[in-house]
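One-letter residues, chain by chain:
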Amino acid sequence: MTRTVTITDNETGKQIECPVLEGTYGAAVISTKALYDELGMFTFDPGYATTASCRSAITYLDGEKGILLHRGYPVEQLAEKSTFLEVVYLLIHGELPNKKQMDEWSHSIKMHGMTHEHLSRFYTAYRYDAHPMSIMAGVTSAIASYYYDNTDIKDPENRLLTARRVMGKIPNVASKCYRYASGLPFVYPDNSLNYVENFMYMTFSWPSEDYEPSPVAVRALDLLFILHADHEQNASTSTVRLAGSSEANPFACVAAGITTLWGKSHGGANEAVIRMLEEIGHPGNVKKYIERTKDKGDPSRLMGFGHRVYKNYDPRAKIIREACHDLLEQVDLNQPLFEIAMELERIALEDDYFIERKLYPNVDFYSGLIYQALRIPASMFTVMFALARSAGWVAQWMEFMEDEDFRIGRPRQLYIGPKSRDYVPIEERE
Ligand code: CMC
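Here goes a summary of the coordinates provided. (Residues numbered from 1 in each chain as written. Predicted model: local features only at pLDDT ≥ 70, side-chain atom pairs only at ≥ 80, totals over all residues. Heavy atoms only, no water.)

Section: the site of the ligand
Reasoning step 1: Lining the immediate environment of the ligand, one finds 22 residues, of which His266, Leu302, Gly304, Arg308 and Tyr353 sit closest.
Reasoning step 2: In the environment of the ligand, an oxygen atom lies 3.0 Å from a nitrogen or oxygen atom belonging to the side chain of Lys296.
Reasoning step 3: For the ligand, whose free accessible area comes to 940 Å², the fraction covered by protein is 75%.
Reasoning step 4: Its residues assigned to classes, the shell around the ligand comprises eight nonpolar, eight polar and six charged. (Near = heavy atom within 4 Å. Polar contact = N/O pair within 3.5 Å; in protein donor to acceptor, adjacent residues only side chain to side chain. Areas by Shrake-Rupley, 256 points an atom, 1.4 Å probe, with all protein chains shown as cover. Nonpolar A, V, L, I, M, F, W, Y, C, P; charged D, E, K, R; others polar.)

Here's what the structure looks like:
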């Protein structure tokens, strides 16, 4: 027998049976499709905290247990054994590649690493001190204009080509955001390098010097990219899906995702964490700062803490925390900031305010420290996040394009404005 939930309007006595849908894991969902037709009502769920917006087979996370799976593989295993580019393949194709598939994948991404030469001029329209996320969103959106006529979102082959284009070009776009702000000449990709090495080469190489990315830095960055690659239906991913629902150009959809990621409640938190640690300045000041974040009259929050879904330690934060410890010896990790971060974590995790609200460190709490150690400036942190999350955006966009329930996204509302009234000419208004 199909499981249903009965909804009763206790004013009219009318009842409807809503089917319950079960996934592989996680909470079952109530299909409310018939609600409006049968009862003339919508559901109300600000922040979509209890709304499943789609079916997805890409990522599963259990916020209570701190579990994160990509296509069924625990993120801990991917972080330890895989590479970012392999994870991108997994997210998009659903399976890990064999050697031949991986070689072809890697080659095809490289083949899409260049951007149109004219695009470089687009950067120069920005002020020298423009925030790199603003540049990244603008330039990514501009790429849509180069793939306007020849993008067929209804064709699976063409969608895969789009995925390769996005993943090929996004490191190029991101590196130029950095170089433009730093007054450095743009660097073309070098296809003898792997994905992360190439990004580092385009970002940090000096035209007059040989450049060899440090293997420790490459592995650290690859790890961070894996940990940021996808995270279910978060705000930016949902934005990409919503933009995609209107059949917008996929580069424009990714640009919409970048814009949403920028906010400090989302990907912008990694930059905000470093600024917060700098503001705290010393482990001895942590207690006072934490008190501020608990004060309802003070708008500040403990950045890098809390998550809509994780009510336990974010598994990604756990991995990055360990990586920070490992890196302490090998790269120039900002030890004073790291010590402040550890003290902050220690005090917050023992504090009733954070315990009661189940506020734990999230992925952004420690990632900035690693980025900083790799000489990446704070304003670029969210760009790094966007680079990695492009994998998830593209995979989710592709999945949505194939969804049997594909239709334009169009939420409804609870109207609380004035009732209908007649226009009053300006001379007659008080
Ligand atoms: N510091 C202090 N109090 C907090 C914090 C925090 N970081 N986060 C939540 N709270 C409190 C909040 O004031 C509320 O208290 P009360 O019940 O007394 O009103 C309670 O905890 C529940 O908070 P909420 O705002 O209803 O939770 P939410 O699910 O809407 O917000 C969040 C989630 C991530 C936006 C929020 O925890 C936050 O602002 N964290 C800091 C920013 C941050 O680190 N963002 C990165 C998120 S992970 C990476 C990503 O998504 O990109």
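Once the structure has been displayed, the description carries forward.
Comments concerning the sheet that holds strand 2 (residues 15-21)
Sheet strands line up and pair through hydrogen bonds in the backbone, either parallel or antiparallel.
Reasoning step 1: Spatial strand order, 1-2-3: three strands in an open sheet with antiparallel pairing. Strands with a single pairing partner mark the edges of an open sheet, and in this sheet they are strand 1 (4-8) and strand 3 (29-30).
Reasoning step 2: Across five bridges, strand 1 lies against strand 2 in antiparallel orientation. The residue bridging Thr4 from the neighbouring strand is Pro19, located in strand 2. (Pairing = 2+ DSSP bridges. Helix = DSSP H or I, 4+ residues; strand = E, 2+ residues; numbered from the N terminus.)

Here's the deal with unusual backbone geometry
Among all residues except glycine, the phi angle is most often negative; among peptide bonds, the trans geometry is most common.
Reasoning step 1: The phi angle at Arg71 is positive, at roughly 50°, despite the residue not being glycine.
Reasoning step 2: With respect to the helices and strands, Arg71 occurs in the loop between strand 5 (67-70) and strand 6 (73-74).
Reasoning step 3: For Arg71, a relative accessible area of 22% puts it in the partly exposed group.
Reasoning step 4: Of note, Lys358 is a non-glycine position whose phi angle comes to about 55°, a positive value.
Reasoning step 5: When you line up the elements, Lys358 lands in the loop between helix 16 (352-356) and helix 17 (364-373).
Reasoning step 6: For Lys358, a relative accessible area of 38% corresponds to the partly exposed category. (Buried < 20%, exposed > 50% of the residue type's maximum accessible area, 1.4 Å probe, protein only.)

As for the pattern of salt bridges
If the charged atoms of two oppositely charged side chains come close together, the side chains can form a pair.
Reasoning step 1: The final tally for this structure, using the stated rule, is 21 salt bridges.
Reasoning step 2: With its nearest N and O atoms 3.8 Å apart, the salt bridge here joins Glu64 to Lys358. Within this pair, whereas Glu64 is found in the loop between strand 4 (59-62) and strand 5, its partner Lys358 is found in the loop between helix 16 and helix 17, the two being separated by 294 residues in sequence.
Reasoning step 3: With relative accessibility at 48%, the residue Glu64 sits in the partly exposed group.
Reasoning step 4: Close ionic contact of Glu247 with Lys154 constitutes a salt bridge, the shortest N to O distance being 3.5 Å. Taken as a pair, Glu247 in the loop between helix 10 (235-245) and helix 11 (250-261) and Lys154 in the loop between helix 6 (132-143) and helix 7 (156-182) lie far apart in primary sequence, 93 residues in all. (Salt bridge = Lys/Arg side-chain N within 4 Å of Asp/Glu carboxyl O.)

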